[in-house]
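Chains, contacts and geometry: an overview
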Amino acid sequence: MTDPDSYMLAAARSAAKTELLKGFLWLLGGGLVSGITYLAADPGGTYVVFWGALAYGAFRFLRALYFWANPSALIRKA
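The following paragraphs examine the structure supplied in this document. (Residues numbered from 1 in each chain as written. Predicted model: local features only at pLDDT ≥ 70, side-chain atom pairs only at ≥ 80, totals over all residues. Heavy atoms only, no water.)

Moving on: the overall build of the chain. Helix and strand counts for the chain come out as three helices and zero strands. Overall, the chain shows an N-to-C arrangement of helices and strands of α-α-α. Against the compact-globule benchmark of 12 Å for 78 residues, the chain has a radius of gyration of 18 Å, which places it well outside the compact range. Taking the principal axes of its C-alpha atoms as reference, the chain extends roughly 65 × 20 × 15 Å. A buried classification covers 18% of the 78 residues belonging to the chain. Long-range contacts, defined here as pairs at least 24 residues apart, represent 69% of the contacts in the chain between residues at least 6 apart. In the form shown here, the chain has an accessible surface area of approximately 5800 Å², with 70% of it arising from carbon and sulfur atoms. (Helix = DSSP H or I, 4+ residues; strand = E, 2+ residues; numbered from the N terminus. Rg over C-alpha atoms; globule rule 2.2 N^0.38 Å. Buried < 20%, exposed > 50% of the residue type's maximum accessible area, 1.4 Å probe, protein only. Contact = heavy atoms within 4.5 Å. Areas by Shrake-Rupley, 256 points an atom, 1.4 Å probe, with all protein chains shown as cover.)

What follows deals with the side chain of R60. Mapped onto the elements of the fold, R60 is located in helix α2 (residues 51-69). There is a polar contact of 2.9 Å between the side chain of R60 and the side chain of Y56. The contacts of R60, once residues within four sequence positions are left out, are E19, K22, G23 and W26. (Polar contact = N/O pair within 3.5 Å; in protein donor to acceptor, adjacent residues only side chain to side chain.)

We now examine the packing of helix α1 (residues 4-40) against α2. How two helices pack is summed up by the angle between their axes together with the distance between the axes. In the contact formed by α1 and α2, the axes pass within 7 Å of each other and the chain directions differ by 160 degrees. Between α1 and α2, the angle falls in the class roughly antiparallel. When the axes of α1 and α2 are compared, the crossing they make is left-handed. Tallied by class, the residues present in the contact of α1 with α2 amount to 15 nonpolar, five polar and six charged. (Axes fitted to C-alpha atoms, helices over the stretch in contact; angles between N-to-C directions. Parallel < 35°, antiparallel > 145°, perpendicular 65-115°, else oblique. Left-handed = near helix turned anticlockwise from the far one by under 90°. Nonpolar A, V, L, I, M, F, W, Y, C, P; charged D, E, K, R; others polar.)

Aromatic rings in a pair are described by how distant their centres are and how their planes are angled relative to each other. Within the structure shown, the criterion is met by three aromatic pairs. Plain terms: the ring middles of W26 and Y56 are 4.9 Å apart, the flat faces sit at 90 degrees to each other, and that makes the pair edge-to-face. Taken together, the residues W26 in helix α1 and Y56 in helix α2 connect sequence positions 30 residues apart. Here W26 falls in the partly exposed class, since its relative accessible area comes to 41%. (Phe/Tyr/Trp six-rings, centres within 6.5 Å; stacked < 30°, edge-to-face > 60°.)

Quick reminder: α-helices carry 3.6 residues per turn. Residues three or four places apart thus point the same way. In this model, α2 (19 residues) spans 27 Å end to end at C-alpha, consistent with the 27 Å of a helix rising 1.5 Å per residue. Within the sequence span of α2, burial applies to A53, L54, G57, R60, A64 and F67. Axial view of α2: buried residues confined to an arc of 170 degrees, hence all on one face. Facing away from the buried surface of α2 by more than 90 degrees, the exposed residues are W51, F59 and L62. Summarising the contacts, the buried residues of α2 are in contact with α1 and α3 (71-77). (Expected span 1.5 Å × (residues − 1). Arc of directions from axis to C-beta.)

What follows is the structure in structure tokens.
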């Protein structure tokens, strides 16, 4: 029989890993769309940088990285 604490730590780490992926995808999506608008702009023209998506993705990724490294912190938060 497994220890309940180790199960909780594994579940917290798994949840953090999922959040890492979601944060990375937000960062990637914001970067790709920003890059596409940059490439589509005329020389000297304007383009759009999706700061919101980039900042949200970075925040989510870094928070998930912290919780992945410290799964007990995520358990306490829950």
